[in-house]
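# Commentary on secondary and tertiary structure
Next come the chains, spelled out residue by residue.
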Amino acid sequence: MAEVLVVVEASSQGGVKKVTLEMLTLARALGGDVSAVVLGGSADALTEKLGEYGATKIYAAGGADLDEYLVAPKATVLAALIQRVSPSAVLLASSQEGKEIAARVAVKLDNGILTDVVDLDPSGTATQMVFAGSTIVKSKVTKGLPLVTVRPNSLTPAPAPATPAVEALEVAVEDRDKLAKVVERKVEAKGARPELAEASVVVSGGRGVGSADNFKLVEELADLLGGAVGASRAAVDSGFYPHQFQVGQTGKTVSPQLYVALGISGAIQHRAGMQTSKTIVAVNKDPEAPIFELADFGVVGDLFKVVPQAAEEIRKR
Ligand code: FAD
């Protein structure tokens, strides 16, 4: 049986993102061998982790052309690999980069593409989130192989130890892949909190938090729960919290075990980014707030009273 290719999403700290482990787990369920594809950087530090989650082969493509020229050369290398090995499916992360590589590969190979997939069965039928996550559909690529991008936090990664063989890939990119170049790269310092899109607990604040200073309360609860901090667009637009922490249609999509919404009304655009969270807890002083339609647990009350009480209780345990 043909292999399944999983394009590795590396983290800025040099490891692999959790979504990569989810994709390896999903790939194993499709049948056949699972091969990881590392596009850019070095595969050396990733080999052990990829093997731990069942990669039996690693295709490693590195060098300046891949690291300096954004995604176009990566798409060229991946398209060439697909043509060479004819995999049964190709999985990429539903991240900005993953989607762009997948789209470019789809055009190059005249192949169908499905994005924001949360499940894929061995027949190639995908469960896909569309319309900003408000609708779930079953879909299938009708031309070419299943080329899908997988939404982070869609499934639980399960280890299946293997010892991968590493094959270095020939990188032959064309001049037209070099039309835009990276001129500076800033690696975010790793803070104590988990990354928002990958966190199993997210505590988000909305306009109801009232100020940037008050967001310390949101951070405090997040830290007590070992979670990440998120924010609604209204909170971001008001300057309470930086944009990279926005959750929603035009922000990040999260799907944690626990999502705590503090002073967030629950607009459709916010729900689009968090409604697949496993347990949703909302604190809002308005009993009619739409967030309560979605919440598993709701507290009608002033967050400035409720959150310190909750924090005190958590500290005792
Ligand atoms: P509000 O709607 O103003 O709600 C504040 C809530 O706080 C209220 O329910 C209030 O009762 C409660 N509150 C106030 N004080 C307290 C208190 N002391 N204690 C407890 N509760 C209190 N929004 C996003 O979040 N993410 C997106 O990605 C996004 N993308 C968008 C894209 C488009 C194209 C558009 C048009 C809109 C988008 N929005 C997005 C905006 C969205 O429509 C809402 O305006 C926004 O989500 C509202 O944020 P909020 O809930 O924090 O503010």
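Residues numbered from 1 in each chain as written. Predicted model: local features only at pLDDT ≥ 70, side-chain atom pairs only at ≥ 80, totals over all residues. Heavy atoms only, no water.

Moving on to the sheet that holds strand β5 (residues 114-120). Reading across from one edge, β7-β6-β5-β8-β4-β1-β2-β3-β9 is the order of the nine strands in this open sheet, with mixed pairing throughout. Strands at the two margins of the open sheet, each flanked by one partner only, are β7 (135-140) and β9 (165-168). For this sheet, the mean angle separating the axes of adjacent strands, direction not counted, is 35 degrees. As paired elements, strand β3 (residues 57-61) and β9 share four bridges and run parallel to each other. Directly across from Y59, in β9, lies its bridge partner E167. Running at roughly 170 degrees to strand β8 (residues 147-150), helix α5 (residues 96-109) makes contact with β2 (34-39), β4 (89-93), β5 and β8 of the sheet. (Pairing = 2+ DSSP bridges. Helix = DSSP H or I, 4+ residues; strand = E, 2+ residues; numbered from the N terminus. Axes fitted to C-alpha atoms, helices over the stretch in contact; angles between N-to-C directions. Contact = heavy atoms within 4.5 Å.)

What follows deals with the site of the ligand. Near the ligand there are 25 residues, and of these R207, S232, T250, S265 and N284 occur at the shortest range. Between the ligand and the protein, one listed contact pairs an oxygen atom with a backbone N or O atom of R233 at 2.9 Å. Interatomic distance of 2.9 Å between a side-chain N/O atom of H270 and an oxygen atom of the ligand. Relative to its unbound accessible surface of 980 Å², the ligand loses 76% to contact with the protein. Put simply, the parts of the chain that give the shell around the ligand at least two residues each are α7 (233-237), α8 (268-271) and α10 (303-316). (Near = heavy atom within 4 Å. Polar contact = N/O pair within 3.5 Å; in protein donor to acceptor, adjacent residues only side chain to side chain. Areas by Shrake-Rupley, 256 points an atom, 1.4 Å probe, with all protein chains shown as cover.)

Checked against the element boundaries, S255 lands in the loop between α7 and β12 (258-262). Separated by 3.0 Å, the side chains of S255 and T276 make a polar contact. The residues touching S255, leaving out its near neighbours within four places in the chain, are P152, N153, T276, S277 and K278.

Read these as geometric descriptors, not functional statements.
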